[in-house]
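Chain and residue survey
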Amino acid sequence: MHAYRTHHCAQLRKDSVGQNVRLSGWVYRKRDFGNLLFIDLRDHYGISQIVVEKDSAAFPLAESLRSESVIRVDGKVNARADDAINPNLVTGEIEVRATAIELLSEAADLPLPVFGNAEYPEEIRLRNRFLDLRREKLHANIVLRSNVIASLRRRMIDQGFTEFQTPILTASSPEGARDFLVPSRIHPGKFYALPQAPQMFKQLLMVAGFDRYFQIAPCFRDEDARADRSPGEFYQLDFEMSFVTQEDVFAAIEPVLYGVFEEFSGERDVTTPPFPRIAYKDSMLKYGNDKPDLRNPIEISDVTEIFRGGGFAVFAKAIEDGSVVRAIPAPGAGVRARSFFDGTNQWAKDEGFAGLGYINFKGGEGGGGIAKNLGPERVALIVKQMGLGPDDGVFFSCGKPLEAAKLAGLARTRVGVELDLIEKNTFKFCWIVDFPMYEFDEVEQKVIFSHNPFSMPQGEMEALMTMNPLDILAYQYDIVCNGIELSSGAIRNHKPDIMYKAFELAGYDRSLVDEKFRGMINAFKFGAPPHGGSAPGVDRIVMLLADEPNIREVILFPMNQKAEDLMMGAPSEVSAKQLRELGIKFTNDGPKPQ
RNA sequence: GGGGUCGUAGCUCAAUUGGUUAGAGCACCGGACUGUCGAUCCGGAGGUUGCGGGUUCGACCCCCGUCGACCUCGCCA
């Protein structure tokens, strides 16, 4: 007989009755009747009930067992009586009558119970992650993550992609997030950086002729955490393709994402490819952001012209100063109590905006101060333009275009949630396309890259030479699911002269481009194929599929808000010897986090 | 760095809003019990109410400061 087990804990069925078996696992739950006791024995696969009777040699030890101790059980498979069958367990028709039990590893008093679905403080969970990971939900999430990654790999390979590993120790890059730096022992005073993404490497792979690359790629960014953004590190399904247009990239990745979501979505619906394409400009207008949650049926309208020169002086005056008015319909909300509207207005103020005006319609009659001041004719225009029903409400966000769009977007989400309009059990995908190449930085008073500087501008060199930079669009796209940005990607700029010009418009001269992007720009001078790709976030895909709002729920050993690993004690101080070898000495000032 | 929420037993929470000895469930320890699957019943132990000041006859509760956790803004090309 095997030293530890003949079967795992989800394996035994009725057809094994009478067999002598050996199981090993954790004591999940114990029910002690004095002269008879039950143990739910758990391993990775499931649970089997162990019965220990008074006359068994194993009884004294079984009585003393504590939850989460690891034991080996020898016994005979027994059919349960009809009224003792547990339909919730796959092994519920049988039990194992223990003849011998060995305590393989004793568990101390638990800082975190493994049994049950109660919620526990983040700090306790992170400090005892090995216990937390034994718990049903988290254990299942991590298995799901592994299965999702395996599926992504298989689907990419089936599509003709090849996986390559790119360096982890690389060079610091001037654009983007803060780098994690690694001091060099051989070159005192110099540093490696961990890759924020394998961006340049994957483009160089295209130059090297590999045609279709992918990688489940670790990425490192030294930025602050959010619920959906783990500090430090995360994984992307990074891919790149040669000789492709934007549509070719979409056509390659849509079936992969659709396939993996279909595979793991259970009862939930998934958008069938091709996913809707929404221009950045339209998304900002209709949804108030560049990552619309299409489960929310509300669409925002621009009603600036209706308010221009109208009787509602606050908006009319603001419009003269360059503001716009965006209207957010609240279907069926017109008959709601005034507190609904005032509450929403107060929420907008709490969010730091000037406020949110409204009209509430009751039987087609518009109520509130805005309706009164604006007059029936203009109100009728709003109703007509937006197709409002007789008992709908409508909110107004007024401000400079970006500000108004932002508030309108937040209000759209809030109203959708409050009125319970968000479609459930569905994954709604879309592409956001035609991002602007540049934007104007109000603080620095200059033109900057709005997203990825390596994207190909639409219209290429001619656009850069002739157009207002702020009007130039890029072959740049995001994929969005249920309001979550899964990835951003682009058709890359593979022509050195266009790249120099693109950087020039953002204030980088030729020598700086040569210095900072040497590896890539140099390679492009020796025959680079047109190429493009994207990089969907693996953690976020798993979050969506596991229906978890927090990214820590789908990561094995996550860090906390302050980017600490409480279990391993990272980051930590290092020895004086290590510092000496690296030529590093701290000043008295001490480091101060920003 | 800014804003918000929170901090009471190992864990989850309560304490009639400033009033006697800070309670309950889970976990733990001891006892009873032969069919449970959140077993049940009886008993026990477990607290400087995050920490430091202050107000008060009296503070878990009010005030000031401080520490910590999470959420968020900034940041994340």
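The structure displayed is predicted, hence computed values, not measured ones.

Close contact between helix α10 (residues 338–350) and helix α13 (residues 401–418) brings their axes to 11 Å; oriented N to C, the two are set at 140°. Considering the angle they form, α10 stands oblique to α13. As for the relative orientation of α10 and α13, their crossing is right-handed in sense. Every residue of α13 that contacts α10 at Phe340, Gly343, Thr344, Trp347 and Ala348 is listed here: Leu407, Leu410, Ala411, Arg414 and Glu418.

Quick look at the protein's contact with RNA strand B now. Neighbouring residues of RNA strand B: 48 residues in total, closest Asn35, Ala84, Tyr120, His451 and Gln561. A breakdown of the atoms of RNA strand B within 4 Å of the protein gives sugar and phosphate a share of 53%. One of the backbone N or O atoms of Phe33 is found 3.3 Å from a base nitrogen in RNA strand B. The separation between a phosphate oxygen of RNA strand B and a polar side-chain atom of Arg221 is 3.3 Å. Those elements that provide at least two residues to the surface near RNA strand B are β1 (20–32), β2 (36–42), β3 (47–53), β5 (94–105) and α2 (122–127). Classifying every residue of the surface near RNA strand B gives 14 nonpolar, 12 polar and 22 charged.

Turning our eyes to something else, we now look at the packing of aromatic side chains. Across all of its chains, the model carries 27 aromatic pairs by this definition. Measuring from ring centre to ring centre gives 5.1 Å for Tyr28 and Phe115, while their planes differ by 65°; the resulting arrangement is edge-to-face. One end of the pair, Tyr28, is in strand β1; the other, Phe115, is in the loop between β5 and α2, with 87 residues separating them in the sequence. Seen from their ring centres, Phe261 and Phe429 are 4.9 Å apart, and the 90° between their planes marks the pair as edge-to-face. Within this pair, whereas Phe261 is found in helix α6 (residues 246–264), its partner Phe429 is found in strand β19 (residues 429–433), the two being separated by 168 residues in sequence.

Attention now moves to helix α18 (residues 538–546). Because the α-helix completes a turn every 3.6 residues, residues three or four places apart line up on one side. Of all 9 residues making up α18, 9 are buried, and the element is well covered by its neighbours. All buried positions along α18 are accounted for by Val538, Asp539, Arg540, Ile541, Val542, Met543, Leu544, Leu545 and Ala546. Within two residues after α18, Asp547 carries a phi angle of roughly 55°, on the positive side.

Okay, the sheet that holds strand β17 (residues 393–399) next. Strand order across the open sheet formed by 5 strands is β13-β14-β17-β15-β16, with antiparallel pairing between neighbours. The open sheet has two free edges, formed respectively by β13 (301–302) and β16 (365–367), since each of these has just one partner strand. In the sheet, strand β15 (residues 357–362) pairs with β16 via 3 bridges, with the strands oriented antiparallel. Looking across to β16, one finds that Asn360 is bridged to Gly367.

Let us now look at the sheet that holds strand β9 (residues 212–221). The strand order across the open sheet formed by 8 strands is β6-β9-β10-β24-β23-β22-β19-β12, and the pairing between neighbours is mixed. Each of the sheet's edge strands pairs with one partner strand only, and the pair in question is β6 (162–163) and β12 (277–279). Bridge count between β19 and strand β22 (residues 476–481): 4 bridges; the pairing is antiparallel. Among the inter-strand pairings, Phe429 is bridged to a residue of β22, identified as Cys481. Along the sheet, helix α4 (residues 136–158) contacts β6, β9 and β10 (232–242); its crossing angle with β9, the most-contacted strand, is approximately 145°. Strands in contact with α18 are β9, β10, β22 and β23 (484–491); relative to β23, the strand with the most contacts, it is inclined by about 145°.

Buried within helix α9 (residues 313–320) we find Phe315, Ala316, Ala318 and Ile319. Down the axis of α9, the smallest arc covering the buried residues is 165°, so these residues share one side. Summarising the geometry of α9, the exposed residues directed more than 90 degrees from the buried face are Ala313, Val314, Lys317 and Glu320. Positive phi shows up at Gly322, right after α9, with a value of about 100°.

Glancing now at the confidence of the model for chain A. Overall, the prediction assigns chain A a mean pLDDT of 92, with 99% of residues at 70 or greater. Here the predicted complex carries an ipTM of 0.87, next to a pTM of 0.92.

Across residues other than glycine, the phi torsion is negative in most instances, and most of the peptide bonds are trans. The residue after Pro273, namely Pro274, is reached through a cis peptide bond having omega 0°. Tracing the chain through its elements places Pro274 in the loop between β11 (269–270) and β12. Here the bond from Ala570 into Pro571 is cis, since omega is -5°, no more than 30 degrees from zero. Position of Pro571 among the secondary structure elements: in the loop between α18 and α19 (576–582). With phi around 60°, Asp434 is a residue other than glycine that occupies positive phi space. Note on placement: Asp434 falls in the loop between β19 and β20 (438–441). Since its relative accessible area comes to 24%, Asp434 is described here as partly exposed. Residue Asp547 is not a glycine yet carries a positive backbone phi of 55°. Tracing the sequence through the fold places Asp547 in the loop between α18 and α19. The class of Asp547 is exposed, set by a relative accessible area of 63%.

Moving on, we come to the side chain of Ser397. Relative to the elements of secondary structure, Ser397 occurs in strand β17. Of the residues examined, Ser397 reaches a relative accessible area of 0% and is grouped as buried. Within polar-contact distance, the side chain of Ser397 engages the backbone oxygen of Ala404 at 2.8 Å.

What counts and what doesn't
Residues numbered from 1 in each chain as written. Chains lettered and ligands numbered in written order. Predicted model: local features only at pLDDT ≥ 70, side-chain atom pairs only at ≥ 80, totals over all residues. Heavy atoms only, no water. Axes fitted to C-alpha atoms, helices over the stretch in contact; angles between N-to-C directions. Helix = DSSP H or I, 4+ residues; strand = E, 2+ residues; numbered from the N terminus. Parallel < 35°, antiparallel > 145°, perpendicular 65-115°, else oblique. Left-handed = near helix turned anticlockwise from the far one by under 90°. Contact = heavy atoms within 4.5 Å. Near = heavy atom within 4 Å. Polar contact = N/O pair within 3.5 Å; in protein donor to acceptor, adjacent residues only side chain to side chain. Nonpolar A, V, L, I, M, F, W, Y, C, P; charged D, E, K, R; others polar. Phe/Tyr/Trp six-rings, centres within 6.5 Å; stacked < 30°, edge-to-face > 60°. Buried < 20%, exposed > 50% of the residue type's maximum accessible area, 1.4 Å probe, protein only. Pairing = 2+ DSSP bridges. Arc of directions from axis to C-beta. pLDDT = per-residue confidence, 0-100.

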